[in-house]
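Secondary and tertiary structure notes
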Amino acid sequence: DQQVKQNSPSLSVQEGRISILNCDYTNSMFDYFLWYKKYPAEGPTFLISISSIKDKNEDGRFTVFLNKSAKHLSLHIVPSQPGDSAVYFCAARSGAGSYQLTFGKGTKLSVIP
Amino acid sequence: EAGVAQSPRYKIIEKRQSVAFWCNPISGHATLYWYQQILGQGPKLLIQFQNNGVVDDSQLPKDRFSAERLKGVDSTLKIQPAKLEDSAVYLCASSLNRAQETQYFGPGTRLLVL
């Protein structure tokens, strides 16, 4: 039972364009959603998060949008740069009592110069 | 600020052997997590410590996996005996406390069981 789903295993985008990575979830009790970026042979690096009570959070080129009614979130990267090429993981945190992160399978983003 | 440290970075063993991984979290972080990441999957939580106590080990295969954080700082994860399906990257993460949503990950230990 996959509670966090990233349905696109890969995505290719031209440099300078917008990258949109999507994530769906099933558990309405998740209280935070996070995006991590992972380069080969490295651990995941925290990118940006959003509380379940908000619908948008922005940090520089990265914006996360949350649609609670659709149980869907997306990460927008504008403009995309070759250094953004990595695997992006969506994660959701269970609320009080557990505080466990559940991860999706990841989306590999390739930004083409 | 130093990040999460893990060693070794790579380990190759034969099935039925034992192996141990070490993690040193970010200084001052009370909560420590061990994850298993199988190729093509997202990280899966194995065990969560708050200081030196276990708060969640529901997904740890306790017949072969064990973990400890005796002094509430660094931690060791052990597998004994290893199986072929244990081949994965073992990631350690830490957070300031359980309520903080952001977990910071180490580089991981890549284990290959032959």
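Anyway, here's the lowdown on the structure attached to this text.

**Some words on the overall build of chain A**
- A tally of helices and strands in chain A yields zero helices and eleven strands.
- Element order for chain A, N to C, with α for helix and β for strand: β-β-β-β-β-β-β-β-β-β-β.
- Computed over the C-alpha atoms, the radius of gyration of chain A is 13 Å, within 12% of the 13 Å expected from 2.2 N^0.38 for a compact globule of 113 residues.
- Overall size of chain A, expressed as C-alpha extent along the three principal axes, is 45 × 30 × 20 Å.
- Taken across its 113 residues, chain A has 47% of its residues classed as buried.
- A separation of at least 24 residues holds for 54% of the contacts in chain A among residues at least 6 apart in sequence.
- Within the structure as shown, chain A displays about 5500 Å² of accessible surface, and the carbon and sulfur contribution to it stands at 49%.
- Positive and negative side-chain charges of chain A, numbering 12 and 9 respectively, have mean locations separated by a distance of 3 Å.

**As for the interface of chain B and chain A**
- Each partner contributes to the interface: chain B provides 23 residues, whereas chain A provides 20 residues.
- Roughly 1700 Å² of surface becomes buried between chain B and chain A when both sides are summed, with 51% attributable to carbon and sulfur atoms.
- By the criterion of area lost to chain A, the three top residues of chain B are Arg98(B), Glu101(B) and Phe105(B), representing 31% of everything that side buries.
- If you look at where chain B meets chain A, you find zero salt bridges.
- Connecting chain B to chain A are five residue pairs in polar contact (both at pLDDT 80 or more).
- Breaking the side of chain B that touches chain A down by element, the ones donating at least two residues are β4 (31–37) and β5 (44–50) of chain B.

**Describing the sheet that holds strand β3 (residues 19–25) of chain A**
Residue and element names in this part refer to chain A.
- With antiparallel pairing, the five strands of this open sheet are ordered in space as β1-β3-β8-β7-β6. Only two strands of the sheet have a single neighbouring strand rather than two, namely β1 (4–5) and β6 (56–59).
- For β1 and β3, the ladder comprises two bridges, and the chain directions are antiparallel. Within the sheet, the bridge partner assigned to Lys5 lies in β3 and is Asp24.

**What to know about unusual backbone geometry**
- With an omega of -10°, the peptide bond running from Val78(A) to Pro79(A) counts as cis.
- Pro8(B) follows Ser7(B) through a cis peptide bond whose omega is -10°.
- Even without being glycine, Arg16(B) reaches a positive phi, approximately 80°.
- You can see Arg16(B) is positioned in the loop between β2 (10–13) and β3 (19–24).
- Owing to a relative accessible area of 64%, Arg16(B) belongs among the exposed residues under this scheme.
- The phi dihedral of Asn51(B) falls on the positive side, at around 55°, and the residue is not glycine.
- Its place among the elements puts Asn51(B) in the loop between β5 and β6 (53–56).

Conventions we followed
Sequence order as written defines residue numbering, which begins from 1 separately in each chain. For naming, the first written chain is A and the first written ligand is 1, with later ones following in the order written. Local features in this predicted model are restricted to residues of pLDDT 70 or higher, and side-chain atom pairs are both shown and tallied only at a pLDDT of 80 or more, whereas totals for entire chains, interfaces and linings draw on every residue. The side-chain values count all of the structure's non-hydrogen atoms but skip hydrogen atoms and water molecules. Secondary structure elements follow DSSP: runs of H or I of four or more residues count as helices, runs of E of two or more count as strands, with numbering from the N terminus. Using C-alpha atoms as the atom set, the radius of gyration is obtained and then compared with a globule rule of 2.2 Å times the number of residues to the power 0.38. Partly exposed describes any residue whose relative accessible area lies between the buried limit of under 20% and the exposed limit of over 50%, with all areas from a 1.4 Å probe on protein chains only and scaled to the type maximum. In this description, contact between two residues means that some pair of their heavy atoms is separated by no more than 4.5 Å. Every accessible area reported is derived by Shrake-Rupley at a probe size of 1.4 Å, with residue values counting cover from the shown protein chains alone. Lys and Arg are tallied as positive, Asp and Glu as negative. Neither His nor the chain termini are counted. By convention, charge coordinates are those of NZ in Lys, CZ in Arg, CG in Asp, or CD in Glu. Defined here as a combined quantity, buried area equals the accessible surface (1.4 Å probe) lost by two parts on assembly, summed across both. In what follows, salt bridge is the name for a side-chain nitrogen of Lys or Arg lying within 4 Å of a carboxyl oxygen of Asp or Glu. We call two N or O atoms a polar contact when they sit within 3.5 Å, provided that within protein one can donate a hydrogen and the other can accept it, with sequence-adjacent residues counted only if both atoms are side-chain atoms. At least two DSSP bridges between two strands are required for those strands to pair.

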